[in-house]
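# Close look at the chain arrangement
One letter stands for each residue in the lines below.
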Amino acid sequence: MLYYSLKNCKNLVSFEDAVLTGLSSDGGLYMPQSIPKLEPKFIHNLPIYDIYTIAMFVIKPYIGKYIPEKFIDHIIHDTLNFSFPLKNIHDNIHVLELFHGPTLAFKDVGARFMAGCLSYFSEKLGKNVTVLVATSGDTGGAVAKGFHKKTGIEVIILYPYNRISSIQKKQITSLGDNISALEIYGSFDDCQNMVKKAFLDQEVKKKYILTSANSINVGRWLPQMFYYFVAYKQIIVENPTELIFSVPSGNFGNLCAGMMAEKMGLPIKSFIASTNVNDTIPRFLKSKKYHPLPVKKTISNAMDISDPSNFSRIWHLYQKNIFQLRKKLFSYKFTDEETLEIIKMIWKKYKYMLDPHGAIGYLGLIQYLQQQEKIHSGSEPAIFLETAHPIKFLDHMPLFLKRKIVPNQELKVFLKEKRKIKTTSLPNDFNIFKSWLLERK
């Protein structure tokens with residue numbers, strides 16, 4: 001499998017090069033040259049396969065010969081060594097819990113998978129690789145944990161000042177060793193723009209072998225397809241049917257991975273991109289005008305993104321045809337007030353605890369279903385993704401629910417540990433960031 005830049009389809013690289021560089025030299029995101037179709041028999045038999053077999057079938061065509069199958073198998077087993085329970089909330093509405101990994105966020109899967117791939121490539125090269133990543137919250141913790149003490153790899157994480165939760169900050173800044181944290185006085189979009197500029201800067205590239213662990217990197221992005229296959233495996237026992245997925249959406253990597261799964265043959269009727277008030281995509285689907293506004297701070301901070309990188313992949317998947325895209329993708333925005341109200345309601349009525357991101361996923365699903373009922377009555381299973389454990393956002397949860405949110409044992413130990421915060425604060429200025437990169441070591 002080869003990968004091409006979205007800015008130049010003739011710019012082709014291998015999976016190894018795409019992972020090692022993260023971003024094309026022309027600044028474009030990489031896309032696989034083709035999307036393999038899975039046999040209908042494989043889709044039908046998903047309930048009888050274990051998740052490791054499913055993951056191997058899904059990901060191997062994208063890797064090809066660049067990592068031996070035995071190493072891919074090892075990476076998959078290390079990546080998927082926790083559960084992904086699907087729970088019924090009410091009626092035909094289900095939640096897929098993606099927060100049972102080591103940092104209690106869905107990004108553990110992509111970060112651990114990419115760490116395995118990068119470790120293999122780094123050892124093969126015999127050179128150190130520097131991972132440069134921007135985070136709106138959960139990516140940073142997952143990447144820090146996934147890459148911590150990995151031989152031949154150092155990680156530099158940029159996060160926006162005062163825009164991530166206290167637990168997220170501790171996960172990013174307290175590990176040390178090969179993990180460096182930079183607190184940027186700006187938004188996530190500012191952090192992401194600084195990372196992209198670094199990839200294109202010749203002086204920086206001369207000093208470092210740079211790659212990214214954001215979902216712009218195919219090694220982080222593609223493994224997120226696993227969620228959708230795992231959900232289908234759990235919900236379909238005998239009769240295949242189309243599913244509906246509502247995805248809390250920030251940088252749109254998770255949603256785009258789901259669309260790749262659908263292109264591979266997974267029966268998915270509709271996707272809902274559920275956003276907070278940073279609503280670039282809901283507005284785009286209505287007006288056909290892509291117009292990012294200044295980022296607004298919300299309690300669902302991992303989605304405080306106004307210019308989502310992965311939307312360019314989605315736009316490309318649908319041949320830049322707004323009418324085709326509207327047939328598959330629906331998008332709605334919700335306020336902090338609506339988010340908190342639905343968290344309270346779901347707990348009181350169904351005794352299920354939502355985090356702010358999952359709450360927006362649920363709200364988007366309900367709005368979609370209410371609109372569809374005006375057209376036809378559907379009974380397809382509908383799933384929203386719960387992308388992080390509520391305890392990561394304890395500061396923002398309703399007061400009467402705080403005492404009901406219990407951390408798992410691993411997090412209890414982590415929170416009790418007295419860890420020194422190691423971070424460097426920088427202004428939102430690429431030249432200052434560049435100087436920091438060039439002058440260190």
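Residues numbered from 1 in each chain as written. Predicted model: local features only at pLDDT ≥ 70, side-chain atom pairs only at ≥ 80, totals over all residues. Heavy atoms only, no water.

### Here we look at the overall build of the protein chain
Within the protein chain, the regular secondary structure consists of 20 helices and 14 strands. Taken over C-alpha atoms, the radius of gyration comes to 20 Å for the protein chain, in line with the 22 Å a tight globule of 441 residues would show. Expressed along its principal axes, the backbone C-alpha trace of the protein chain runs to roughly 60 × 50 × 45 Å. Scored against the burial criterion, the 441 residues of the protein chain give a buried share of 61%. Of the contacts made within the protein chain by residues no fewer than 6 positions apart, 76% connect residues no fewer than 24 positions apart. Between the centroid of the 57 positive side chains of the protein chain and the centroid of its 39 negative side chains there is a distance of 2 Å. (Helix = DSSP H or I, 4+ residues; strand = E, 2+ residues; numbered from the N terminus. Rg over C-alpha atoms; globule rule 2.2 N^0.38 Å. Buried < 20%, exposed > 50% of the residue type's maximum accessible area, 1.4 Å probe, protein only. Contact = heavy atoms within 4.5 Å. Lys, Arg positive; Asp, Glu negative; His and termini not counted. Charge placed at Lys NZ, Arg CZ, Asp CG, Glu CD.)

### A closer look at the pairing of strand E6 (residues 129-134)
The element E6 is extensively covered by neighbouring structure, given that 6 of its 6 residues are classed as buried. Residues of E6 alternate between two faces, with Val129, Val131 and Val133 on one and Thr130, Leu132 and Ala134 on the opposite face, all of them buried. Here E6 pairs with strand E7 (residues 153-160) via 6 bridges, running parallel. Note on E7: the bridge partner recorded for Val133 is Ile157. Traced from E6 through helix H6 (residues 138-147) to E7, the parallel crossover comes out right-handed. By the bridge criterion, 2 bridges tie E6 to strand E9 (residues 210-211) in an arrangement that is parallel. In the strand pairing of E9, Val131 is matched with Thr211. (Pairing = 2+ DSSP bridges. Right-handed = clockwise from strand over helix to strand, strands pointing away.)

### Some thoughts on the confidence of the model for the protein chain
Mean pLDDT over the protein chain stands at 91; residues scoring 70 or higher make up 98%. Here helix H19 (residues 409-416) stands out as the element of the protein chain with the lowest mean pLDDT, 71, in contrast to strand E12 (residues 329-333), whose mean of 98 is the highest. (pLDDT = per-residue confidence, 0-100.)

### What to know about the pattern of salt bridges
Going through the model one piece at a time under the given rule, you end up with 13 salt bridges. Notably, a salt bridge pairs Lys87 with Glu97, separated by 3.3 Å at the nearest N-O pair. Of the two residues, Lys87 sits in strand E4 (residues 86-90) while Glu97 sits in strand E5 (residues 93-97), which places them 10 residues apart along the sequence. Taking the relative accessible area as the measure of exposure, Lys87 reaches 36% and is therefore partly exposed. Using a relative accessible area of 3% as the deciding quantity, one classes Glu97 as buried. Residues joined in a network through salt bridges with shared partners are Asp201, Glu203 and Lys434. (Salt bridge = Lys/Arg side-chain N within 4 Å of Asp/Glu carboxyl O.)

### Points about the side chain of Asp355
Along the chain, Asp355 falls in the loop between helix H16 (336-350) and helix H17 (356-373). Of the side chains bearing the opposite charge, Lys392 lies closest to the buried Asp355, which forms no salt bridge; the N-O distance is 8.8 Å. There is a polar contact of 2.8 Å between the side chain of Asp355 and the backbone nitrogen of Gly358. Once you skip the residues sitting within four places of it in the chain, Asp355 turns out to touch Ile343, Glu386, Thr387, Ala388, His389, Pro390 and Phe393. (Polar contact = N/O pair within 3.5 Å; in protein donor to acceptor, adjacent residues only side chain to side chain.)

### Digging into the nonpolar core
Residues Phe15, Phe147, Met225, Phe229 and Phe245 are the most contacted members of the largest nonpolar core, which totals 98 residues. No other element matches the 9 residues that helix H11 (residues 225-235) contributes to this core. Phe229 has contacts with Leu38, Ile43, Leu46, Ile54, Val58, Ala261 and Leu266, leaving out every residue within four places of it along the chain. Residues Tyr332, Ile343, Ile346 and Ala359 belong to the second largest nonpolar core, which totals 35 residues. (Core = buried A, V, L, I, M, F, W, Y, C linked by side-chain atoms within 4.5 Å.)

### Quick word on the environment of Pro40
When you line up the elements, Pro40 lands in helix H2 (residues 40-44). Given the relative accessible area of 62%, Pro40 is considered exposed. Measuring from C-alpha to C-alpha, the distance between Pro40 and Pro267 comes to 10.0 Å, with 227 residues separating the pair along the chain.

### Side note on the sheet that holds strand E8 (residues 179-185)
Neighbouring strands of a sheet are bound in pairs by backbone hydrogen bonds; such pairs are parallel or else antiparallel. Spatial ordering of the open sheet is given by E9-E6-E7-E8-E14, a layout of 5 strands whose pairing is parallel. Two strands in the sheet have a free side with no partner beyond their single neighbour: E9 and strand E14 (424-427). Sheet contacts for helix H8 (residues 188-200): E6, E7, E8, E9 and E14; angle to E6, the most-contacted strand, approximately 150°. Lying on the sheet, helix H20 (residues 430-439) is in contact with E6, E7, E8 and E14; it crosses E14 at an angle near 140°. (Axes fitted to C-alpha atoms, helices over the stretch in contact; angles between N-to-C directions.)

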